[in-house]
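Here's the letter readout for the chains.
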Amino acid sequence: MLIDTLDVLRCPYCGGRLSLVDSLFHRRTTEEIHDGILGCHCCIFPLVDGIPVLHVLPASTMARDHLQAGRPDLARRAMFGLDDDAQAEAFDAVASSDTATYRNTVEALGPTFEGGYFLYRFSDPTYIVAQAVTRAVGAAVLGGTRRAIDICGGSGHVTRTLLDLSDAPPVLADLYFAKVWLARRFTAPGCEPVCCDGNAPMPFARGAFALAMCTDAFMYIWTKRQFVGEMERLVHTDTPGAEPGAVLIGHTHNERTWSPSHGQPLAPEGYVDLFETIEPRVFGEGNLFADLVAGGPLDLARRDDRETLDASPALTIVATRHPRVFTSHALPQPAEATGELRINPLYALEPDGDRVHLRLEFPNEEYADEYGACRLYLPEALTLDRSAIASLATGKVSGDLIELLRRKVIVDLPRRYY
Ligand SMILES: [Zn+2]
């Protein structure tokens, strides 16, 4: 963790500043802390493998004891929940390898860790809406220098889209140590991960951020009122003339409709009532998705009527007084990768001389049911020249391939993803 990041951290329980306890075991450089114990007015917390763990659940207490005994290796195993020695050794080997991929590392954590569809995450309909809204709101409020936080951001797939919007590294907060660790290593390198509990007060200073966001997780939070109050606090500014910040809740389910992995959602007006200091706007995700399928612009000036919201399985909520957010946003057409360009793994490839036939093939029926709307931008079948596919290794696209990148037939994946 960068030592500068201590400026935005606060104890979730006493609100005090956190500092490295020099008298206890630690490893640091002049700029970063690798392992150690952070103390406030009331408590001490472990900082394991560069990640502050700002909750007091059993794994955290165990990791703190291991650090105090000078065993950062055991502290990391405790945070990953690896109590079987053979599995822990297998994981340590993968974690210290320079050639490991996100996929091997996830596999080394065992079959229960991330069963989901991470291979296809960067092209699923939920993700592309989250990415576009995050970039539109983030570009407006961060101004290239202010800081964002992605709360309950898991393994950092959406955090990744924040990386180039500001010089200040985004903070990624999540309860699961393994996920934020993976994010820093693979998915969102350069983010500052923090392990904390979304149902407790957030361990950050008032006004530390210009954008506080949470995507695809808010319906699983029980203490919703506290969570939103905390997001408002994190982007609050007392400085006269400072530009306003924004709170963004992406892809939260709607109590009035059914959706897979429903959670404990509210109705649209229930979400509005959670906000006490900034009036939010609620969008049905369907219209935002239609904007993207059409190639833009993303219209955040729209006001969805009550029927539209009631019928929307997923909602996006934005609260801000910033004048450049509730407008129409042109969609960028990138021609260069931030990671590696690959053919979307949803396509089966069949070589045919100098050409390759691509056929859309979903991993299973469940995927087709939940994410089948990707058919609106992923063609059923297409044929590419072998040389065009080979050219993806340059990290740049031109001509027709720019449109295929926009439509996610070509995906821009983190390096060493699979
Ligand atoms: Zn404290």
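See the structure shown above.
What counts, and where the lines are drawn
Throughout this description, residue numbers start from 1 for each chain and increase along the sequence as written. A pLDDT threshold of at least 70 governs which residues receive local features in this predicted model, and a stricter bar of 80 or more applies before side-chain atom pairs are shown or counted, although totals over entire chains, interfaces and linings include all residues. Where side-chain values are given, they derive from all heavy atoms of the structure, hydrogens and water being excluded. Note that water is not among the atoms considered, so a metal site may appear incomplete; the donors listed are N, O and S atoms within 2.8 Å of the metal, with 3.2 Å applied to Na, K and Ca. In short, tetrahedral needs four donors with all angles between 85 and 135 degrees, square planar needs four and octahedral six donors with opposite donors over 155 degrees apart and all other angles between 65 and 115, and whatever is left is irregular. Put simply, DSSP H or I for four residues or longer makes a helix, DSSP E for two residues or longer makes a strand, and each gets a number counted from the N terminus. Categorising residues by exposure relies on relative accessible area from a 1.4 Å probe, with only protein chains included: less than 20% of the type maximum marks a residue as buried, more than 50% marks it as exposed, and the intermediate range marks it as partly exposed. Here the term patch refers to residues with relative accessible area over 30% and no salt bridge, with like charges joined within 9 Å and nonpolar side chains (Val, Leu, Ile, Met, Phe, Trp, Tyr) within 5 Å. Accessible areas in this description were obtained via Shrake-Rupley with a 1.4 Å probe; residue shielding takes into account the shown protein chains only. Put simply, a salt bridge is a Lys or Arg side-chain nitrogen that is within 4 Å of an Asp or Glu carboxyl oxygen. Two strands qualify as a pair provided that DSSP identifies no fewer than 2 bridges between them. Orientation is described by axes fitted as lines to C-alpha atoms, over the contacting stretch for helices, and by angles from 0 to 180 degrees between their N-to-C directions. Two rings belonging to Phe, Tyr or Trp (six-membered ring only in the last case) form a pair when the distance between their centres is within 6.5 Å. Interplanar angles under 30 degrees mark stacking, angles over 60 mark edge-to-face geometry, and anything in between is tilted. The criterion is that NZ of a Lys, or CZ of an Arg, lies within 6 Å of the ring centre and within 35 degrees of the ring normal, and then a charge sits over that ring. Look down the strands so they point away from you; if going from the first strand over the helix to the second traces a clockwise path, that crossover is right-handed.

**Section: the coordination of the zinc ion**
Bound to the zinc ion are the protein donor atoms Cys11 (SG), Cys14 (SG), Cys40 (SG) and Cys42 (SG), situated 2.3 Å from the metal. Coordination at the zinc ion is tetrahedral: its four donor atoms span angles of 103 to 115 degrees at the metal. Mapped onto the polypeptide sequence, the residues donating to the zinc ion form the spacing pattern C-x2-C-x25-C-x1-C. Placement of Cys11 in the segment before strand E1 (19-20) and of Cys42 in the loop between strand E3 (33-39) and strand E4 (44-48) is noted, with a sequence separation of 31 residues between them. Among the residues examined, Cys42 registers a relative accessible area of 46% and is labelled partly exposed.

**A short note on a nonpolar patch on the surface**
On the surface, a nonpolar cluster with roughly 260 Å² of combined accessible area is contributed by Leu57, Leu175 and Tyr176. Of note, Leu57 is situated in the loop between strand E5 (51-52) and helix H1 (58-68).

**Description of the sheet that holds strand E18 (residues 381-385)**
Here we have three strands laid out as an open sheet, ordered E16-E17-E18, and antiparallel in their pairing. Sheet topology places strand E16 (347-352) and E18 at the edges, where each strand pairs with a single neighbour. Pairs of neighbouring strands in the sheet enclose a mean axial angle of 25 degrees, with direction left out of account. Where strand E17 (residues 355-360) meets E18, five bridges bridge the pair, whose relative direction is antiparallel. Paired with Arg355 across the strands is Asp385, a residue of E18.

**A few points about the packing of aromatic side chains**
Applying the stated criterion to the full structure yields 20 aromatic pairs. Both rings, one in Tyr102 and one in Phe186, keep their centres 6.1 Å apart while their planes meet at 85 degrees; by these two values the pair is edge-to-face. Here Phe186 lies in helix H6 (residues 177-187) and Tyr102 lies in helix H4 (residues 102-108), a separation of 84 residues in the sequence. In this pair, the class of Tyr102 matches that of Phe186, namely buried. Judged by centre distance (5.4 Å) and plane angle (70 degrees), the rings of Tyr120 and Tyr367 are edge-to-face. Residue Tyr120 is found in the loop between H4 and helix H5 (125-142), and its partner Tyr367 is found in helix H11 (residues 365-371); the two are separated by 247 residues along the sequence. Tyr367 gets classed as buried once you look at its relative accessible area, which sits at 1%. Aromatic ring contacts, followed pair by pair, group Tyr102, Phe118, Phe122, Tyr127, Phe186, Tyr417 and Tyr418 into a single cluster. In this structure, Arg281 packs its charged tip against the face of Phe326, placed 4.1 Å from the ring centre. If you follow Arg342 out to its NZ or CZ, it ends over the ring of Tyr418, 4.4 Å from the centre.

**Some remarks on the pairing of strand E7 (residues 171-174)**
Residues Val171 and Ala173 point to one face of E7 and Leu172 and Asp174 to the other, with burial holding for every one of them. Pairing between strand E6 (residues 148-151) and E7: three bridges, direction parallel. From the neighbouring strand, Asp150 faces E7, where its bridge partner is Leu172. Two strands pair when backbone bridges link them, and E7 and strand E8 (residues 192-195) are joined in this way by four bridges, in the parallel orientation. Within E8, the residue paired with Asp174 across the bridge is Cys195. Once you follow E7 into H6 and on to E8, the crossover reads as right-handed.

Shape descriptors only; they carry no functional weight alone.
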